[in-house]
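Structure at a glance
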Amino acid sequence: MAVDAARSKEGFTLERATRVVSAACRVAGLDGGGAELIRFGENALFRLASVPVVVRVARGVEWLPKARIEVAVSRWLAGEGFPGARILDDLEQPLLVDGHPVTFWHLIREGDRKATYGELGGILRDLHSMALPAGVEFPSFDPFGKQELRIDRAPIPEDDRVFLRKRWHELRGQFEELRFETPKGPVHGDAHVQNLMVDDQGQVILIDFEAFCFDHPEWDLMVTATEHHSLGWQTDEQYGDFVRAYGRDLYDWPGYDTLRRLQEFGMTTWLMQNVREDERTAAEYRRRISALRNDDAPRDWRPW
């Protein structure tokens, strides 16, 4: 009990994630010395120095089902020949190390360019056209589950927490009124262009499967639609390439505004988990929470 209390007080920090990587590598029989941080966000990602492997550390045991989904999706896509991130096959995964799910991935050696929005639209079109094989089951899209954990645990002012819980209940009501006309299928669940990588052979590869689900394709389209129409993060030309490649602009759908508000809410609660890491993150969180309090205010948010 004392250990659990100390762990909860410490939270998910870079220091803690680094310790977990070292321990996980020992369990997996890999050399974790000199592991380099790639990204610290929803998860912590480290590149090993000894072998071309990326280690992904989740925030806590509550994320274990998500880690299992990631492993299952990677293996399924590999079997279909779909260009997705590949899990290490010769290791039983995920590991649970000191209360943190850990997974090991083949390093994608990046090329000299980033993926385009047209490529994002194309790879989502291909993903949404796939059929799940018999016996493979994924959950429905859940825009609320992680939000509760984030709101409860994030080191934010109490009045922000009260506001976010109220907004969470408002959004649930709007979500329940949504009516989709599209059939369900494979959905990535966090389909932004940063979740595409271009390797050194020029192949575009889909990554980050923790939100993967079986649901309506609108959940994938809402990310780029919100980034363009609400946040202005793409030029008209870039967004036009995305729409032409996929074949649809979600902005024309009556449910777009509800999905926009859900997406903005998730982007804010995702960021607020790390406000103690540096002032830059804390300042961006303050910018986002201020905008959420005024739905008509301009979204001068910065990409993260």
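The structure we're discussing is the one just above.
Read on for a plain summary of the structure.

Conventions and cut-offs
- Residues numbered from 1 in each chain as written.
- Predicted model: local features only at pLDDT ≥ 70, side-chain atom pairs only at ≥ 80, totals over all residues.
- Heavy atoms only, no water.
- Axes fitted to C-alpha atoms, helices over the stretch in contact; angles between N-to-C directions.
- Helix = DSSP H or I, 4+ residues; strand = E, 2+ residues; numbered from the N terminus.
- Parallel < 35°, antiparallel > 145°, perpendicular 65-115°, else oblique.
- Left-handed = near helix turned anticlockwise from the far one by under 90°.
- Contact = heavy atoms within 4.5 Å.
- Nonpolar A, V, L, I, M, F, W, Y, C, P; charged D, E, K, R; others polar.
- Buried < 20%, exposed > 50% of the residue type's maximum accessible area, 1.4 Å probe, protein only.
- Arc of directions from axis to C-beta.
- Phe/Tyr/Trp six-rings, centres within 6.5 Å; stacked < 30°, edge-to-face > 60°.
- Lys NZ or Arg CZ within 6 Å of the ring centre and 35° of its normal.
- Pairing = 2+ DSSP bridges.
- Salt bridge = Lys/Arg side-chain N within 4 Å of Asp/Glu carboxyl O.
- Polar contact = N/O pair within 3.5 Å; in protein donor to acceptor, adjacent residues only side chain to side chain.

**Examining the packing of helix H6 (residues 158–176) against helix H10 (residues 279–292)**
At a minimum axis distance of 11 Å, the contact between H6 and H10 shows a crossing angle of 50°. The angle between H6 and H10 falls in the class oblique. Note that H6 runs across H10; the crossing there is left-handed. For the pair H6 and H10, the contacting residues are Asp160, Phe163, Leu164 and Arg167 in the first and Tyr285, Ile289 and Leu292 in the second. A per-class count over the contact of H6 with H10 returns five nonpolar, no polar and two charged.

**Structural notes on helix H5 (residues 145–153)**
Every buried residue belonging to H5 is among Gln147, Arg150 and Ile151, and all of these are buried. Around the axis of H5, the buried residues are gathered within 95° of arc, so they sit on the same side. Where H5 is buried, its residues contact H6 and helix H9 (256–272).

**What to know about the packing of aromatic side chains**
Following the criterion strictly, the structure yields 14 aromatic pairs and no others. Here the aromatic rings of Phe144 and Phe175 are separated by 5.4 Å at their centres, their planes lie at 70°, and the arrangement is edge-to-face. With a gap of 31 residues between them, Phe144 in the loop between helix H4 (117–128) and H5 and Phe175 in helix H6 connect regions that are remote in the sequence. A network of ring pairs unites the aromatic residues Phe141, Phe144, Trp168, Phe175, Phe180, Trp219 and Trp253 as a single cluster. The ring centre of Phe144 lies 4.7 Å from the NZ or CZ of Arg172, which sits over that ring.

**Examining the sheet that holds strand S1 (residues 36–40)**
Ordered in space as S1-S2-S3-S5-S4, the five strands form an open sheet in which the pairing is antiparallel. Either end of the sheet is taken by a strand with one partner, and the two such strands are S1 and strand S4 (95–97). Neighbour-to-neighbour, the strand axes of this sheet turn through a mean angle of 30°, independent of strand direction. Taken together, the four bridges between strand S2 (residues 44–47) and strand S3 (residues 53–57) define a ladder with antiparallel strand orientation. Looking at S3, one finds that Phe46 is bridged to Val55.

**Regarding the pairing of S1**
One ladder, built from four bridges, connects S1 with S2; its direction is antiparallel. The residue of S2 that forms the bridge with Phe40 is Ala44. Linking S1 to S2, which pair antiparallel, is a turn of three residues.

**Structural notes on the pattern of salt bridges**
In the structure shown here, the tally under the stated rule is 25 salt bridges. Glu110 is the partner of Lys114 in a salt bridge, and the nearest nitrogen-oxygen pair spans 3.5 Å. Given the relative accessible area of 64%, Lys114 is considered exposed. Linked by salt bridges that have partners in common, Asp257, Arg260, Arg261, Glu264, Asp295 and Arg299 make up one network.

**Section: the side chain of Arg56**
Among the structural elements, Arg56 can be located in strand S3. A residue is classified by how much of its surface remains accessible, and Arg56, at 8% relative accessible area, is buried. Only 2.6 Å separates the side chain of Arg56 from the side chain of Asp208, close enough to count as a polar contact. Setting aside residues no more than four positions away along its own chain, Arg56 makes contact with Asn43, Ala44, Leu45, Glu70, Pro101, Val102, Thr103, Trp105, Asp208 and Glu210.

**Points about the pairing of strand S5 (residues 100–106)**
Of all the seven residues making up S5, six are buried; the element is thus mostly covered by neighbouring parts of the structure. Of the pairings in the sheet, the one linking S3 to S5 comprises five bridges and is antiparallel in character. From the neighbouring strand, Val53 faces S5, where its bridge partner is His106. Summarising the sheet, S4 and S5 pair through three bridges and their orientation is antiparallel. Opposite Leu96, over in S5, you have Pro101 as the bridge partner.

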